[in-house]
Amino acid sequence: MNTRATLGTLAFAALMLAACGSSDDASTEATADTVEMPADEALEAISDEPVADPEATATDAPETDAAAEATAEEAADAAADVAAEAAAAAEDKSE
């Protein structure tokens, strides 16, 4: 008996929700979204002209080969130090 009451309440709630979701405009169901819709928007004429941004220009001098080599050597030295520390830690644990 309790199961019937629960099912009846659920059915009533489902019907109430279905009744609230109606649409008065019939064209909403007839119009399907396709991939061409965004493509058509992209092909429309553009009325805005490009504007130069003075803050966007690159003014930094490119890194020289010597600076890049020094940075690479520092990274290699740091990697060697880490490898030496790891080897020392492994030896300490094995003893």
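All values reported here derive from a predicted model rather than from experimental measurement. (Residues numbered from 1 in each chain as written. Predicted model: local features only at pLDDT ≥ 70, side-chain atom pairs only at ≥ 80, totals over all residues. Heavy atoms only, no water.)

Asks: Now, about the overall build of the chain: what can you tell me, with residues and values included?
Replies: Regarding its fold elements, the chain presents four helices and zero strands. Overall, the chain shows an N-to-C arrangement of helices and strands of α-α-α-α. Put simply, the chain has 95 residues, and 0% of those count as buried. For the chain, the computed accessible surface area is about 9,000 Å², with 59% contributed by carbon and sulfur atoms. (Helix = DSSP H or I, 4+ residues; strand = E, 2+ residues; numbered from the N terminus. Buried < 20%, exposed > 50% of the residue type's maximum accessible area, 1.4 Å probe, protein only. Areas by Shrake-Rupley, 256 points an atom, 1.4 Å probe, with all protein chains shown as cover.)

Asks: I'd like to hear about a negative patch on the surface, residue by residue, with values.
Replies: Taken together, the side chains of D65, E69, E73, E74, D77, D81 and E85 present a region of like negative charge at the surface. Along the chain, the position of E73 falls in helix α4 (residues 65–94). (Patch = residues over 30% accessible without salt bridge, like charges linked within 9 Å, V, L, I, M, F, W, Y side chains within 5 Å. Salt bridge = Lys/Arg side-chain N within 4 Å of Asp/Glu carboxyl O. Lys, Arg positive; Asp, Glu negative; His and termini not counted. Charge placed at Lys NZ, Arg CZ, Asp CG, Glu CD.)

Asks: Can you tell me about the confidence of the model for the chain, naming the residues and giving the values?
Replies: On average, the chain scores 76 in pLDDT, and the residues at 70 or more come to 66%. Of all helices and strands in the chain, the one with the weakest mean pLDDT is helix α2 (residues 27–30) (59), whereas α4 scores best (85). (pLDDT = per-residue confidence, 0-100.)

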